[in-house]
Amino acid sequence: MTVKEIFELRREGKIEEAYQTILPMYKVHHGKYTTLAMFWCAVDMLKLLLSRVAGNDSESLHSLTEAEKIYQSLQRLYPNLRDDEGVCQQTLLNLGEALRATRQRAQQ
């Protein structure tokens, strides 16, 4: 599958499929478009996981833990990403806030 096809999966709302497809590609190639696809697929996956957190039950806590792992990966990936307009950086800041708010809500 190509990066273009992965972006198409994202547009179709196939978030988990796009994320699972880009992971092995990114492991072996860190080109400009592969890195962009990895970033945006991970962002989508993190948001999906956060949407699954409904409290402090085991499924919610598992989703939250997985979202936090993806966030850490995004922070490691970011320095290798071209972000001239700061959109990716702002996305990371917003995700960090969403994670903190979701974690707080889950602990109540």
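Cut-offs and rules
Residues numbered from 1 in each chain as written. Predicted model: local features only at pLDDT ≥ 70, side-chain atom pairs only at ≥ 80, totals over all residues. Heavy atoms only, no water. Helix = DSSP H or I, 4+ residues; strand = E, 2+ residues; numbered from the N terminus. Rg over C-alpha atoms; globule rule 2.2 N^0.38 Å. Buried < 20%, exposed > 50% of the residue type's maximum accessible area, 1.4 Å probe, protein only. Contact = heavy atoms within 4.5 Å. Phe/Tyr/Trp six-rings, centres within 6.5 Å; stacked < 30°, edge-to-face > 60°. Expected span 1.5 Å × (residues − 1).

### Points about the overall build of the chain
Part 1 of the reasoning: What the chain contains, in helices and strands, is five helices and zero strands.
Part 2 of the reasoning: Element order for the chain, N to C, with α for helix and β for strand: α-α-α-α-α.
Part 3 of the reasoning: By the compact-globule yardstick of 13 Å for 108 residues, the chain fits well, its C-alpha radius of gyration being 14 Å.
Part 4 of the reasoning: Structurally, the chain occupies a C-alpha span of about 40 × 25 × 25 Å along its principal axes.
Part 5 of the reasoning: Within the span of the chain, comprising 108 residues, buried residues form 41% of the whole.

### Comments concerning the side chain of T35
Part 1 of the reasoning: Take T35: it is sitting in helix α3 (residues 32–51).
Part 2 of the reasoning: On the basis of relative accessibility, which here comes to 2%, the residue T35 falls in the buried class.
Part 3 of the reasoning: Excluding anything up to four places from it in sequence, T35 contacts Y26, H30, L77, N80 and L81.

### Let's talk about the packing of aromatic side chains
Part 1 of the reasoning: Evaluated as defined, the whole model comprises one aromatic pair.
Part 2 of the reasoning: Judged by centre distance (4.9 Å) and plane angle (90 degrees), the ring pair of F39 and W40 falls under edge-to-face.
Part 3 of the reasoning: Exposure remark for F39: the relative accessible area of 0% places this residue in the buried category.

### Observations regarding helix α5 (residues 87–107)
Part 1 of the reasoning: The terminal C-alpha atoms of α5 lie 30 Å apart, and with 21 residues this matches the ideal 30 Å at 1.5 Å per residue to within 8%.
Part 2 of the reasoning: Packed against the buried residues of α5 are α3 and α4 (58–77).

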